[in-house]
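Report on the structure
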Amino acid sequence: MIGKQALNNFQEVMWPKILNWYRKLSSPKKASDKKRRPQWEVDNDLLDYPPLGLFEDYLEMVIQYGFITIFAAAFPLAPLFALFNNVIEIRLDAYKLVTQWKRPVSCRAQDIGIWYGILKGITYIGIITNGFIIGWTSDFIPKMVYKYSFSEDNSLAGYVNSSLSYFNVSEFQKESNIPKQDFIEGYGTVSICRYSDYREPPWSENKYEYTSLYWHVFCARLAFVILFEHLVLFLTWFVSYMIPPIPGDIQLLVLRELYLAKEARYKVSFDTLDDERSQVRRRKVAAEVPDEMPEYSSAVLA
């Protein structure tokens, strides 16, 4: 994990630097003109921004997040090494964007898009895998089962003996690479060997079948995985609830802006409606008043 990320960081920085150096050598412009050229013209000779944008950077971070979450129980130091790598990579990416590539075209985005769903799915997978790794590879659960279910004094005395099964060496297959003589120097005549498992001895009626202790441990491991998964999911929900993605004061400002925008729209619509009504009233008044005064006779006027 460490070596691969260090190699990727070296390639991300050195490969654009080599390409820019080659372009400068193959450029027909003279080296003496470099000092007189403006900065924007010098930047124009840099490498074009990758067509996929930040896809490679996102992919690298998602793969790293998958390693440190899915196999966190197998390698607990992975998050620490990932932190060191990311601190260095931040500066390397900044150097690469400023000095080796042209300025990228900005684009508005609401969030990180589909990458959020991928990270969320990796988180759920990591919770399940870590639960199975802890439950099936550690001796914590078998010790607890033996201590509280099979031990007479609730101690671990006799635990090692209970975790080892018996095997008759005469029942080895012919293809097995074992010594043919039963007598081994330093051990004497060997007829029975012990191995780590929960199986019936060869003198039992159900020889080499799983014992009751095996099924107790198996059920306890499954119960531990289920409880571990639900506990971690509850903790993630609780942390996300206590630490919202948008602070409370910012949320109030956003709601206030939405309210003011809605109120402005209502005001504009009401003003438009009032203007239309006033225009209708003027038209009615204009239709009721005659355009010319009626002609009266001189007699009537007299």
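Moving on to the overall build of the chain. Broken down by element type, the chain carries 10 helices and four strands. The linear arrangement of helices and strands in the chain, starting from the amino end, is α-α-α-α-α-α-α-β-β-β-β-α-α-α. Expressed as a percentage of the 302 residues in the chain, the buried residues total 18%. Sequence-distant contacts, at least 24 apart, represent 70% of the contacts inside the chain between residues at least 6 apart. With the model as given, the accessible surface of the chain reaches about 24100 Å², and the carbon-plus-sulfur share is 64%.

The subject of this paragraph is the packing of helix H3 (residues 55-70) against helix H4 (residues 78-99). For any two helices packed against each other, one specifies the crossing angle of their axes together with the interaxial distance. Running from N to C, H3 and H4 point in directions that differ by 170°, and their axes come no closer than 11 Å. With respect to each other, H3 and H4 are oriented roughly antiparallel. Here Asp-57, Glu-60, Met-61, Gln-64 and Ile-68 of H3 come into contact with H4, specifically with Ala-78, Pro-79, Ala-82, Asn-85, Asn-86, Glu-89 and Lys-96. Considered class by class, the residues forming the contact of H3 with H4 number five nonpolar, three polar and four charged.

All told, the structure shown has two salt bridges when counted by the stated rule. We note a salt bridge from Lys-96 to Asp-93, for which the minimum N-O separation is 3.5 Å. In this pair, Lys-96 and Asp-93 are both assigned in helix H4, three residues apart and thus about one turn of the helix distant. Accessibility expressed as a relative area gives 18% for Asp-93, which makes it buried. With a closest N to O distance of 2.8 Å, Asp-197 and Arg-199 form a salt bridge. Given the relative accessible area of 25%, Arg-199 is considered partly exposed.

Helix H8 (residues 212-242) packs onto helix H6 (residues 140-150) with a crossing angle of 120° between their chain directions and a minimal axis gap of 9 Å. The orientation of H6 with respect to H8, classified from their angle, is oblique. In this structure, H6 meets H8 at a crossing whose hand is right-handed. Judged by residue contacts, Ile-141, Pro-142, Val-145 and Phe-150 of H6 engage Ser-212, Leu-213, His-216, Val-217, Ala-220, Arg-221 and Phe-224 from H8.

Attention shifts here to a negative patch on the surface. Where like charges cluster on the molecular surface, the negative patch consists of Asp-271, Asp-274, Asp-275 and Glu-276. Mapped onto the elements, Glu-276 comes out in helix H9 (residues 248-288).

Evaluation of the coordinates by the stated rule reveals 19 aromatic pairs. Measuring from ring centre to ring centre gives 6.1 Å for Trp-215 and Phe-218, while their planes differ by 80°; the resulting arrangement is edge-to-face. Taken together, the residues Trp-215 and Phe-218, both in helix H8 and three residues apart, mark about one turn of the helix. Phe-218 sits in the partly exposed class, given a relative accessible area of 28%. Aromatic ring contacts, followed pair by pair, group Phe-132, Trp-136, Tyr-210, Tyr-214, Trp-215 and Phe-218 into a single cluster.

So, how was this worked out
Residues numbered from 1 in each chain as written. Predicted model: local features only at pLDDT ≥ 70, side-chain atom pairs only at ≥ 80, totals over all residues. Heavy atoms only, no water. Helix = DSSP H or I, 4+ residues; strand = E, 2+ residues; numbered from the N terminus. Buried < 20%, exposed > 50% of the residue type's maximum accessible area, 1.4 Å probe, protein only. Contact = heavy atoms within 4.5 Å. Areas by Shrake-Rupley, 256 points an atom, 1.4 Å probe, with all protein chains shown as cover. Axes fitted to C-alpha atoms, helices over the stretch in contact; angles between N-to-C directions. Parallel < 35°, antiparallel > 145°, perpendicular 65-115°, else oblique. Nonpolar A, V, L, I, M, F, W, Y, C, P; charged D, E, K, R; others polar. Salt bridge = Lys/Arg side-chain N within 4 Å of Asp/Glu carboxyl O. Left-handed = near helix turned anticlockwise from the far one by under 90°. Patch = residues over 30% accessible without salt bridge, like charges linked within 9 Å, V, L, I, M, F, W, Y side chains within 5 Å. Lys, Arg positive; Asp, Glu negative; His and termini not counted. Charge placed at Lys NZ, Arg CZ, Asp CG, Glu CD. Phe/Tyr/Trp six-rings, centres within 6.5 Å; stacked < 30°, edge-to-face > 60°.

Everything listed is a geometric property; what it means functionally is a separate question.
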